[in-house]
Structure formats: structure tokens, C-alpha cells
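Now for the letters of each chain:
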Amino acid sequence: MKAVVQIDIPLSKYNIDTKGSKVSSTNKELTDLSIEKVGKYCSKYGHKHIVITEPVIGYCHPVWERLDFWLNPEWFEKYDEILYLDTDVYPSSRAPDIFEENTSKDHYRRIPYHKANRKAGGVFAEIPNRYRECCANAGVMLLSKPLIDATVDTIKLYKEDRFTDDSVLINYAIMVSPIPVVDIPERYNVKLKQCHLGDYKSGVYFFHASGNLKHTNKKEVLNYLKEDF
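Residues numbered from 1 in each chain as written. Predicted model: local features only at pLDDT ≥ 70, side-chain atom pairs only at ≥ 80, totals over all residues. Heavy atoms only, no water.

Visitor: Help me understand the packing of helix 1 (residues 28–45) against helix 9 (residues 218–226), please; the structure alone is not making it clear to me.
Guide: If you want to describe how two helices pack, look at the angle between their axes and the distance between the axes. Relative to each other, helix 1 and helix 9 sit at 20°, their axes nearing to 11 Å. Taken together, the axes of helix 1 and helix 9 lie roughly parallel to each other. Viewed along their axes, helix 1 and helix 9 form a crossing whose handedness is left-handed. Side by side, helix 1 and helix 9 meet where Glu 29, Leu 30, Leu 33 and Lys 37 of the first sit next to Lys 218, Val 221, Leu 222 and Leu 225 of the second. Its residues placed into classes, the contact of helix 1 with helix 9 shows five nonpolar, no polar and three charged. (Axes fitted to C-alpha atoms, helices over the stretch in contact; angles between N-to-C directions. Helix = DSSP H or I, 4+ residues; strand = E, 2+ residues; numbered from the N terminus. Parallel < 35°, antiparallel > 145°, perpendicular 65-115°, else oblique. Left-handed = near helix turned anticlockwise from the far one by under 90°. Contact = heavy atoms within 4.5 Å. Nonpolar A, V, L, I, M, F, W, Y, C, P; charged D, E, K, R; others polar.)

Have a look at this one:
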């Protein structure tokens, strides 16, 4: 069985600090719409939809709860594969089943990310080639047990100061692991800035209203989503 997991935990349950998300507020209307659309996507393809509403790790910010996929072995005792989606990700009704994109579980199935073209700084400075090969946005992640097994030892270091946010840690853990990388279509994680609220020409499977623009452009984002992009 395959599962699609989202995290919808109130920020009030955490002491937000510098290791939290750059987005310090949520928008219930947009969050509820994401959960609704992801639920329909799961029903269409027969996958389990799980929404986590209570802290398990309880570290800094709800986004760090993603680490439970690594720290709790029960996830991959119950499910063959897991797709993690942020609650500002919206599947289109025409989106294919992402689990069918390159079905090798022994690979890290990366969605290409424009930041991979930038200079590797911080903890990534020591591995610039691997950075370009692996760098990805952690808001849409395909996870398998081989990936978890290859990266879990690094993930356990999550409280170290060098990991300034959870996505830095996840990316770094993959980069220093030996797991091979294969790309799947970037249409599964099209960011707000890329699609220009309707002008993204190659088509969108998953629209990701990342960052603070979803708050400053809420009306435009909702109108875009209502058109079923």
C-alpha cells in the first residue's frame, strides 16, 4: 500500500525559533483546499491519505515532523512508499499517479529544482557536484525504505546547529548517501513564481504555492486553483 501524507499542526503547539519555517503563519482556506484536493487525488488512485494533526517530534516547527518518516520504522512497515506533500501543494485533476514515475525504489526520485544551479554554500560547499545532482524542494518528496535506510544516520543529527532548517538536513542527508538519483518530471512541483499564476506553458501536475506569496497573492492563487490549472 502507498500513502500520501500531509502535516496540518497548529503553530501554537511549537516554540517557533530560527530553525522553523520561513513561513510563520498559515492560511486555513488554502490549507483546507490542499487537503481536499490531495484527498481526491488519493481516492482516484487508491492511495491512503493521512493528515497529521498532532506533534510527534515536537521540534521547533511543524515542518520538522517530516523527520518522523526516518525516525519511526512503523511507516515503512505499513506502507511500501510514501509521498509527502506540504499543505500548500495542489494536485490538478489531470495529474498522473506520481508513484508510477520511475518505479525503482532503490533510487532517489528527485523532482528537478532550479536552486541546484546555484553555488553550493553552507553545509553543501564540500559536495558541490552532488549538490547539483540531488538538490530538491522538500515540499514534494517520494520516499522509499531504501532511501530512508541510506539517509537515517544523518537525519538523526537533526539538532545540530549546522542544519538551519529541516530541508537543509534532508537534502544534505541524501547528498552524503550513496543512493543513486533519477529525475522525474518537474510538473509535480511547480512553484508559484514559475507558473506566474497561469502562464506556465508546459502544464502543471502539482501546483506549489510556496513561501509568503500565497499570503500576499491569496486572491490570485485561489482564482488560479478554481480554474483547475
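Visitor: I keep staring at the sheet that holds strand 6 (residues 140–144) and nothing clicks. Help me out?
Guide: Note on sheets: strands pair through backbone hydrogen bonds, and any given pair is parallel or antiparallel. The strand order across the open sheet built from four strands is 2-1-3-6, with neighbouring strands paired in mixed fashion. Strand pairing shows two members of the sheet lacking a second neighbour, strand 2 (48–52) and strand 6, which therefore form its edges. Geometrically, the sheet is characterised by an average inter-axis angle of 20° between neighbouring strands, direction not taken into account. Note that strand 3 (residues 81–85) and strand 6 share five bridges and pair antiparallel. By the bridge assignment, Leu 85 is partnered in strand 6 with Val 140. (Pairing = 2+ DSSP bridges.)

Visitor: Just checking my understanding: could you explain the pairing of strand 1 (residues 2–7) for this structure?
Guide: A regular strand places its side chains on the two faces of the sheet in alternate fashion. A large share of strand 1 lies buried, amounting to five of its six residues. Here strand 1 pairs with strand 3 via four bridges, running parallel. Bridge pairing in strand 3 links Ala 3 to Ile 82. Pairing of strand 1 with strand 2, which is carried by five bridges, proceeds in the parallel orientation. Paired with Gln 6 across the bridge in strand 2 is Val 51. (Buried < 20%, exposed > 50% of the residue type's maximum accessible area, 1.4 Å probe, protein only.)

Visitor: It is not clear to me how the pattern of salt bridges should be interpreted in this structure. Could you clarify?
Guide: Two side chains bearing opposite charge may form a pair once their charged atoms approach each other closely. Counted by the stated rule, this structure contains 12 salt bridges. Between Asp 86 and Arg 66 there is a salt bridge, with its nearest N and O atoms 3.5 Å apart. Note that Asp 86 is positioned in the loop between strand 3 and strand 4 (89–91) and Arg 66 in the loop between strand 2 and helix 2 (68–71), a separation of 20 residues in sequence. As far as the burial class goes, Asp 86 and Arg 66 line up, both buried. Ionic pairing is found between Lys 145 and Asp 149, a salt bridge with its closest N-O pair at 2.9 Å. With a gap of four residues between them, Lys 145 and Asp 149 both fall in helix 5 (residues 145–155), about one helical turn apart. Given a relative accessible area of 41%, Lys 145 falls into the partly exposed group. One network of salt bridges, with partners in common, ties together Lys 2, Glu 81 and Arg 109. (Salt bridge = Lys/Arg side-chain N within 4 Å of Asp/Glu carboxyl O.)

Visitor: Just checking my understanding: could you explain the nonpolar core for this structure?
Guide: Nonpolar side chains tend toward joint burial in soluble globular proteins. Trp 70, Trp 75 and Ile 82 are the most contacted members of the largest nonpolar core, which has 48 residues in total. No other element matches helix 6 (residues 166–175), which puts seven residues into this core. The residues contacting Ile 82, other than those within four sequence positions of it, are Ala 3, Val 5, Phe 69, Trp 75, Phe 76, Phe 99, Met 141, Leu 142 and Leu 143. Core analysis: the second largest hydrophobic core is formed by 17 residues, Val 4, Val 140, Tyr 188 and Phe 206 among them. (Core = buried A, V, L, I, M, F, W, Y, C linked by side-chain atoms within 4.5 Å.)

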